[in-house]
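Breakdown of the fold
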Amino acid sequence: MPGPTLLSSTPAAAFAEAHSVCAVPGLYELSREELEDLLAAEPGYRVKQVWEGLYGRAQAPSEMTELPGALRHSLSELPPALEVVSRKSADAGTTVKWLFGLHDGRMIETVLMRYGSRATVCVSTQAGCAMACSFCATGQMGFGRHLSVGEIVEQVVVARRDAAPDRVSNVVFMGMGEPLANYDRVWDSVVRMHADMGLSARHLTISTVGMVPGIRRLTQERLPVNLAVSLHAANDNLRDSLVPINRRYPLAVLVEACEEYVATTKRRLSFEWALIDGVNDRRKDAVELSRIAERLRAHVNLIPLNPTPGYQVRGSSLSRVREFRRALETLGVNVTLRSTRGADIDAACGQLSASVTAAEPRNFRVAATRPAKEASTSLKTSWS
Ligand code: SAH
């Protein structure tokens, strides 16, 4: 019978070279083949046991009681990728937001939102973001780096453990970063969530600022995940100023890629629209949006803008939000107004990490200015 093997003789750092973005990969960094290699001297069924423990049951190695103690101990040498810097809850515990530190001192955020007995997790895909959307707290920080597969997947694992016994049924890629700019790792994480964690592809939503090459790749994928496009403006002048990537992929190009996506996949597309006072909440904006939405038969999600430190314009008032929704409905558009969540926990994209960085300037590399506390008594999006 094979004795206890592996990590005592194969330190975690030995895997580092194979993983460009992750210096000391945690257990969720390993592909199944890599785990097989790691457990080569163990009986074959151990791989299945460990994999099901990690993904099916979201267990730490120490909880995998069917494993021999020495193996549990060895597996525990692979550290978690995410270290909890803070965990805040709001809305009577139905919204939880984590700030996680990564091995290199960078920080990311994850949000868990519960709805009855099921829950949605909002995951980050990059530390910071290069897209520089003017109203977005993460965009204001600039780009740090891509997250690894393990760093993305582990966010769902932590949230699942926290949500238990309720079930995490949905994952939205709407945290920090641009998912389609980190395509391969995001897609690998989608595959793991679907195949290994048992999440339905239809309950996974990738949100993009409009990275056309990524949308084209997604069009070819067989797993029917949802696609959300953060539109925010339906004419190029305004969109150029809100979402700089529009200068590279203007609306005509973006809409064409979306059209092809809808025609090929037969899936429904949704548009995100953060309502900004006097900027994109006028009747003219509703009319322009309705033309694109109608052409693509897209669903529109309205989000009242969360104030951020680097963007002075306010979110639309609730009455304007309602007026805009009514205008869209009258124009025949399918529209949802997102409910509000997490108002008192700096819940806008990137806000929590910005405030912690300023309050405790440790070694974290995410550079951001402190959002005025009073500025974050805002409405918060929920992704249901
Ligand atoms: N980069 C991707 C996903 C991350 S942002 C994207 O752009 O889709 C997730 C959503 O939050 C996007 O629709 C984004 O435009 C929106 N968002 C960013 N900052 C916001 C703010 N201050 N208020 C409301 N929504 C915001």
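Residues numbered from 1 in each chain as written. Predicted model: local features only at pLDDT ≥ 70, side-chain atom pairs only at ≥ 80, totals over all residues.

1. Focus: the overall build of the protein
For the protein, the helix and strand inventory stands at twelve helices and twelve strands. Out of the 384 residues belonging to the protein, those deemed buried represent 49%. Considering only contacts within the protein whose residues lie at least 6 apart along the sequence, 69% involve residues at least 24 apart. (Helix = DSSP H or I, 4+ residues; strand = E, 2+ residues; numbered from the N terminus. Buried ≥ 20, exposed ≤ 12 C-beta atoms within 10 Å, placed from the backbone. Contact = placed C-beta atoms within 7 Å.)

2. Re the environment of Val 157
Examined against the element boundaries, Val 157 turns out to sit in helix α5 (residues 149–163). A count of 25 C-beta atoms within 10 Å places Val 157 in the buried class. Considering only alpha carbons, one finds Val 157 and Leu 54, 103 residues apart in sequence, at a separation of 8.4 Å.

3. Some thoughts on the sheet that holds strand β2 (residues 95–101)
Strand order in the open sheet formed by ten strands is β1-β2-β3-β4-β7-β8-β9-β10-β11-β12, with mixed pairing between adjacent strands. The sheet is open, and its two borders are formed by β1 (83–90) and β12 (334–337), each paired with just one other strand. Strand after strand, the sheet turns through a mean of 25 degrees between neighbouring axes, direction not considered. Across four bridges, strand β9 (residues 226–230) lies against strand β10 (residues 269–275) in parallel orientation. For Val 229, the partnering residue across the bridge sits in β10 and is Phe 271. (Pairing = 2+ DSSP bridges. Axes fitted to C-alpha atoms, helices over the stretch in contact; angles between N-to-C directions.)

4. What about the environment of Pro 224?
One can find Pro 224 in the loop between α7 (212–220) and β9. What makes Pro 224 partly exposed here is the crowd of 14 C-beta atoms within 10 Å. Sequence separation between Pro 224 and His 203 is 21 residues, and the spatial gap between their C-alpha atoms is 9.3 Å. In this view, Pro 224 contacts Ala 201, Arg 202, Thr 265 and Arg 267; residues no more than four positions away in its chain are not counted.

5. Side note on the packing of α5 against helix α6 (residues 183–195)
One can describe the packing of α5 onto α6 by two numbers: an axis separation of 8 Å at closest approach and a directional angle of 40 degrees. Overall, the two elements α5 and α6 adopt an arrangement that is oblique. α6 is crossed by α5, and the crossing has right-handed handedness. Judged by residue contacts, Val 149, Ile 152, Val 153 and Val 156 of α5 engage Arg 185, Val 186, Asp 188, Ser 189, Arg 192 and Met 193 from α6. For the contact of α5 with α6, a count of residues per class yields six nonpolar, one polar and three charged. (Parallel < 35°, antiparallel > 145°, perpendicular 65-115°, else oblique. Left-handed = near helix turned anticlockwise from the far one by under 90°. Nonpolar A, V, L, I, M, F, W, Y, C, P; charged D, E, K, R; others polar.)

6. Concerning α7
For α7, every residue scored as buried is listed here: Gly 214, Ile 215 and Leu 218. One side of α7 carries all its buried residues, which in axial view fall inside an arc of 100 degrees. Exposed residues pointing more than 90 degrees away from the buried face of α7 are listed as Pro 213 and Gln 220. (Arc of directions from axis to C-beta.)

7. Brief notes about the nonpolar core
Core analysis: the largest hydrophobic core is formed by 100 residues, its most contacted members being Val 121, Val 156, Trp 273, Leu 275 and Val 300. Per-element accounting of this core gives the leading share, eight residues, to α5. Each of domain 1 (6–76) and domain 2 (83–359) contributes no fewer than three residues to this core. (Core = buried A, V, L, I, M, F, W, Y, C linked by C-beta atoms within 7 Å. Domains from an automatic or database assignment.)

8. Let's talk about the site of the ligand
In the vicinity of the ligand lie 19 residues, with Cys 136, Ser 207, Val 209, Ser 230 and Glu 272 positioned nearest. Looking at the shell around the ligand, the elements that each hand over two or more residues are β8 (204–208) and β10. Looking at the shell around the ligand residue by residue, the classes come out as eleven nonpolar, six polar and two charged. (Near = placed C-beta within 6 Å.)

9. A closer look at the environment of Glu 154
Residue placement: Glu 154 occurs in helix α5. By C-beta crowding, Glu 154 is classed as buried, having 25 other C-beta atoms within 10 Å. Among residues more than four places away in sequence, those in contact with Glu 154 are Gly 26, Tyr 28, Pro 80, Ala 81 and Leu 82.

10. Looking at the confidence of the model for the protein
Note that predicted coordinates carrying low pLDDT should not be read in detail. When pLDDT is averaged across the protein, the result is 85; 82% of the residues are at 70 or more. Across residues 356–384 the pLDDT falls below 50, and counting only partners more than four positions away or on other chains, this stretch makes 80 contacts in the model. (pLDDT = per-residue confidence, 0-100.)

11. Examining the pairing of β12
Pairing of strand β11 (residues 299–304) with β12 involves four bridges; the strand directions are parallel. Looking at β12, one finds that Asn 301 is bridged to Thr 336. Regarding the hand of the β-α-β motif, the stretch spanning β11, helix α11 (residues 318–330) and β12 is right-handed. (Right-handed = clockwise from strand over helix to strand, strands pointing away.)

12. Quick notes on α6
Taking 1.5 Å per residue, 13 residues should reach 18 Å; α6 reaches 18 Å between its end C-alpha atoms and fits that length. Among the residues making up α6, those that are buried are Arg 185, Val 186, Trp 187, Ser 189, Val 190, Arg 192 and Met 193. Close packing links the buried residues of α6 with α2 (45–56), β6 (143–146), α5, β7 (167–173) and β8. (Expected span 1.5 Å × (residues − 1).)

13. Observations concerning the pairing of β8
Here β7 pairs with β8 via three bridges, running parallel. Within the sheet, the bridge partner assigned to Val 172 lies in β8 and is Thr 205. Of the pairings in the sheet, the one linking β8 to β9 comprises four bridges and is parallel in character. Following the sheet pairing, Thr 205 is matched in β9 by Asn 226. As for the winding sense of the linkage, the β-α-β connection from β8 through α7 to β9 is right-handed.

14. Thoughts on the packing of helix α9 (residues 251–265) against helix α10 (residues 283–296)
The geometry of α9 relative to α10 is characterised by a closest axis approach of 10 Å and an angle of 30 degrees between their N-to-C directions. Taken together, the axes of α9 and α10 lie roughly parallel to each other. Facing α9, whose interface residues are Val 255, Cys 258, Glu 259 and Val 262, α10 presents Ile 292, Arg 295 and Leu 296.

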